[in-house]
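Topology and contacts: notes
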Amino acid sequence: PAQPEPQSAAPSPQAEPRKNGQQGMQIKQNMKIDADRIDLLLDTIGELVIIESIVTQDEKLSDLASPQLERNLAQLTKITRSLQDMGMSMRMVPIETTFRRMARLVRDLGKKSGKKVELEMVGKETELDKAMVEKLGDPLVHMIRNAVDHGIEPTPEDRVAAGKSAEGHIWLKAYHEGGSIHIAIEDDGRG
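Structural notes, computed from the coordinates. Not measured: the values here are computed from a predicted model.

**Describing a positive patch on the surface**
There is a patch of like positive charges on the surface, built from Arg101, Arg104, Arg107 and Lys111. Relative to the elements of secondary structure, Lys111 occurs in helix α4 (residues 96–113).

**Focus: the pairing of strand β8 (residues 168–177)**
Pairing between strand β6 (residues 117–122) and β8: six bridges, direction parallel. Of the residues in β8, the one forming a bridge with Glu118 is His169. Examined bridge by bridge, β8 and strand β9 (residues 180–187) share eight bridges and lie antiparallel to one another. Bridging across to β9, Ile170 finds its partner in Asp187. What sits between β8 and β9 in their antiparallel hairpin is a turn of two residues, with Gly178 showing a positive phi close to 60°.

**Remarks on the sheet that holds β6**
An order of β6-β8-β9 is seen for the three strands of this open sheet, with the pairing classed as mixed. One side of each edge strand has no neighbouring strand; the edge strands of this open sheet are β6 and β9. Strand after strand, the sheet turns through a mean of 10° between neighbouring axes, direction not considered. Across the sheet, α4 lies against β6 and β8, angled at about 170° from β6, the strand it touches most. Packed on one face of the sheet, helix α5 (residues 130–151) meets β6, β8 and β9 and runs near 20° to β9.

Parameters and conventions
- Residues numbered from 1 in each chain as written.
- Predicted model: local features only at pLDDT ≥ 70, side-chain atom pairs only at ≥ 80, totals over all residues.
- Heavy atoms only, no water.
- Patch = residues over 30% accessible without salt bridge, like charges linked within 9 Å, V, L, I, M, F, W, Y side chains within 5 Å.
- Areas by Shrake-Rupley, 256 points an atom, 1.4 Å probe, with all protein chains shown as cover.
- Salt bridge = Lys/Arg side-chain N within 4 Å of Asp/Glu carboxyl O.
- Lys, Arg positive; Asp, Glu negative; His and termini not counted.
- Charge placed at Lys NZ, Arg CZ, Asp CG, Glu CD.
- Helix = DSSP H or I, 4+ residues; strand = E, 2+ residues; numbered from the N terminus.
- Pairing = 2+ DSSP bridges.
- Axes fitted to C-alpha atoms, helices over the stretch in contact; angles between N-to-C directions.
- Contact = heavy atoms within 4.5 Å.

Given below as structure tokens:
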């Protein structure tokens, strides 16, 4: 198993209030952790959630009707849910790295085809599960390639004749809507 490694040489300091009201500096550090370890942690947290639910809903406990026990079980539920949320957030990464790859792709395809194309990115700070971000790379490459090759007109003159700017535009967007994360690609070409 891989040892945790710092991701950046210069951690980013952030001002953080102390208990006495004074401002202090807290250094934030990122670490690389083996994905299998995170998966094992999430599986264990999942088991904890199941057992916590079984215990708190046990009919024998309801017969005790103890306010202290009810408070303790409520606290256990709160901590378990919090732990589950923290565990799930550990797998989340911004989609920005994948979006930046698409920006390079658009530049390269534009040069190769002689087209003037600009990529605009919206929502690159949107976070997704790391595995999902990795799986999105290839389909996004295919769709961006299609937008440049087939959507954007072949020459700036063709675009101007169609009443558009000489430079083609592609929009790559990531956003939350209705409990889901959406990735959208649009172009202003003829396609």
